[in-house]
Amino acid sequence: MGIMPDYFFKATGIGSVPWVNAYDACRKINHLLPDIPFWPQLVKLNPLEYMIAQFTEGLPLVEVNTNTGAVTLSSDNREKALSEFYSHYHADDLEYFSIGPGYAEGLYSMIEFVKENPGKGEYIKGHITGPVTFAAGFKDKDGRSALFYPDLLKTYAKGLAIKALWQVRALEKTGKRPIIFLDEPYLSCLGSDLLPIGRHEIAGILKEVIDYLKQRSEAIIGIHCCGSTEWPMIMDSGVDIINLDAYSFQESLFPYPDHLKRFISKGGAIAWGIVPTGDFAGRADIYELYERLVSGLSRLISLGLTKELVYAASILTPACGMGTMTEKGSDDVISLLSMLSKRMRGK
């Protein structure tokens, strides 16, 4: 952070979509969200594109069912598996940690599409499952997730960091500046029995991934959490963008006025997940979304931030991924998002 943002309500997506044709998905995304196109996770096309399975290649002690996308934490040959992982990690072997076409067809399709149709946008968005959500997402034979094994949690954080760097390098081939979101829905469990690690450990793990990327790239880093969470911890992590469900959980942001003011004053941005994708999907129209968004913007301005800065620091997104929606439902979400972005940008 430090350089003032220039987003001014540019819109992008979260990741998962219900569409099953990669080229058509990329064409649709670039048409409706040309300022920050995102590569689509085609979860209904291939179970290996589920948010845990998609990022398992090259990581130790994970077993993936290629038919269902289910992931299991293994204990077989533990020492050997960890040794092999760290030998590639310390060698900065990015290709070893690549995300293959069989796990992310939308990534490869988007890169080729944008190369051929560069448009005028400056950015391209990617995403990877964050370390806390990833480690919580699969269990061993005793029913314990990787969150219960501190050494594995640190290992997976390092693995996801280097995989994210590989993704940054791949996206840079489009000539656009990458924005990478760490998808961390599990952070909404902070403070509950579902999360067996504390705030200090979580903060350290997030910071490790963010610092790794910032030290090695010019990528812009965001964190997406679609529930209520401890936003000051995330704002203090070094992240550039925080992304929340601003339709259902906007109130969760405002108990922390000092953190918000400092975060935005230093160049941080808010990605307002203003178009609902869950229970309220299909019920909201552009007028309601506009009013909800303006209400949030006004509350930021009331903290003593200028209108110009608050608007420049605002990105628009759906509330969450759209992978569980119907194709028509997701079409409606993206269209509403596009219309709201144009309205806020005066186009």
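In case you missed it, the structure is sitting above this.
Residues numbered from 1 in each chain as written. Predicted model: local features only at pLDDT ≥ 70, side-chain atom pairs only at ≥ 80, totals over all residues. Heavy atoms only, no water.

Peer 1: Any chance you could explain the nonpolar core here in plain terms?
Peer 2: Where a protein is soluble and globular, its nonpolar side chains tend to be buried together. The biggest cluster of nonpolar side chains holds 121 residues, and the ones touching the most others in it are Tyr156, Ile241, Ile242, Ile270, Trp272, Leu293 and Leu316. Take this core: its biggest share by element is 13 residues, from helix H5 (residues 150–172). (Core = buried A, V, L, I, M, F, W, Y, C linked by side-chain atoms within 4.5 Å. Buried < 20%, exposed > 50% of the residue type's maximum accessible area, 1.4 Å probe, protein only. Helix = DSSP H or I, 4+ residues; strand = E, 2+ residues; numbered from the N terminus.)

Peer 1: Any chance you could explain the sheet that holds strand E6 (residues 123–129) here in plain terms?
Peer 2: Sheets are built from strands that pair by backbone hydrogen bonding, the pairs being arranged parallel or antiparallel. Here we have seven strands laid out as an open sheet, ordered E1-E11-E10-E9-E8-E7-E6, and parallel in their pairing. Edge strands, defined here as strands with exactly one partner in the open sheet, are strand E1 (10–11) and E6. As judged from the five bridges shared by strand E7 (residues 177–183) and strand E8 (residues 220–225), these two strands associate in the parallel manner. Across the sheet, the residue bridging to Ile180 is Ile221, located in E8. Against the sheet, helix H9 (residues 286–301) touches strand E10 (269–275) and strand E11 (314–318), its axis set at about 155° to E10. Contacting E1, E10 and E11, helix H11 (residues 327–344) runs over the sheet at an angle of about 165° to E11. (Pairing = 2+ DSSP bridges. Contact = heavy atoms within 4.5 Å. Axes fitted to C-alpha atoms, helices over the stretch in contact; angles between N-to-C directions.)

Peer 1: Would you mind going over the environment of Phe85 with me for this structure?
Peer 2: With respect to the helices and strands, the residue Phe85 is situated in helix H2 (residues 78–90). By relative accessible area, Phe85 is classed as buried at 1%. On a C-alpha basis, the gap between Phe85 and Thr155 in space is 8.6 Å, while along the polypeptide they are 70 residues apart.

Peer 1: Can you walk me through the pairing of E7 in this structure?
Peer 2: Consecutive side chains along a regular strand alternate between the two faces of the sheet. For E7, a buried count of six out of seven residues is recorded, marking the element as mostly surrounded by other parts of the structure. Relative to E7, E6 runs parallel, the two sharing seven bridges. Looking at E7, one finds that Ile124 is bridged to Pro178. The handedness of the E7 to E8 crossover, carried by helix H6 (residues 199–216), is right-handed. (Right-handed = clockwise from strand over helix to strand, strands pointing away.)

Peer 1: Help me understand unusual backbone geometry, please; the structure alone is not making it clear to me.
Peer 2: The phi angle at Phe9 is positive, at roughly 70°, despite the residue not being glycine. Within the secondary structure, Phe9 is located in the segment before E1. Positive phi, normally seen in glycine, also occurs at Asn77, with a value near 50°. Mapping Asn77 onto the fold places it in the loop between strand E5 (71–73) and H2.

Peer 1: Looking at this structure, how should I read the side chain of Lys163?
Peer 2: Mapping Lys163 onto the fold places it in helix H5. Glu57 provides the closest opposite charge to the buried, unpaired Lys163, separated from it by 4.7 Å. At 3.2 Å, the side chain of Lys163 and the backbone oxygen of Phe97 are in polar contact. Setting aside anything within four residues of it in sequence, one finds Lys163 in contact with Phe55, Glu57, Leu59, Phe97, Ser98, Ile99 and Ile128. (Lys, Arg positive; Asp, Glu negative; His and termini not counted. Salt bridge = Lys/Arg side-chain N within 4 Å of Asp/Glu carboxyl O. Polar contact = N/O pair within 3.5 Å; in protein donor to acceptor, adjacent residues only side chain to side chain.)

Peer 1: Is there a simple way to explain the pattern of salt bridges in this structure?
Peer 2: Two side chains of opposite charge can pair, provided their charged atoms sit close to one another. Going through the model one piece at a time under the given rule, you end up with 14 salt bridges. Among the ionic pairs, Glu288 bridges to Arg292, the shortest N-O distance being 2.9 Å. Within this pair, Glu288 and its partner Arg292 are both found in helix H9, separated by four residues, close to a single helical turn. A salt bridge links Lys328 to Asp332, with the nearest nitrogen and oxygen atoms 2.9 Å apart. With Lys328 and Asp332 both in helix H11, this residue pair falls four residues apart, about one helical turn.

Peer 1: How should I be thinking about the packing of aromatic side chains in this particular structure?
Peer 2: Summed over the entire model, instances satisfying the criterion amount to 13 aromatic pairs. Taken together, a centroid distance of 4.9 Å and an interplanar angle of 85° make the contact between Phe85 and Tyr86 edge-to-face. Residue classification places Tyr86 among the partly exposed residues on the basis of a relative accessible area of 22%. Sitting above the plane of the Tyr149 ring, Arg144 keeps its charged end 5.6 Å from the centroid. (Phe/Tyr/Trp six-rings, centres within 6.5 Å; stacked < 30°, edge-to-face > 60°. Lys NZ or Arg CZ within 6 Å of the ring centre and 35° of its normal.)

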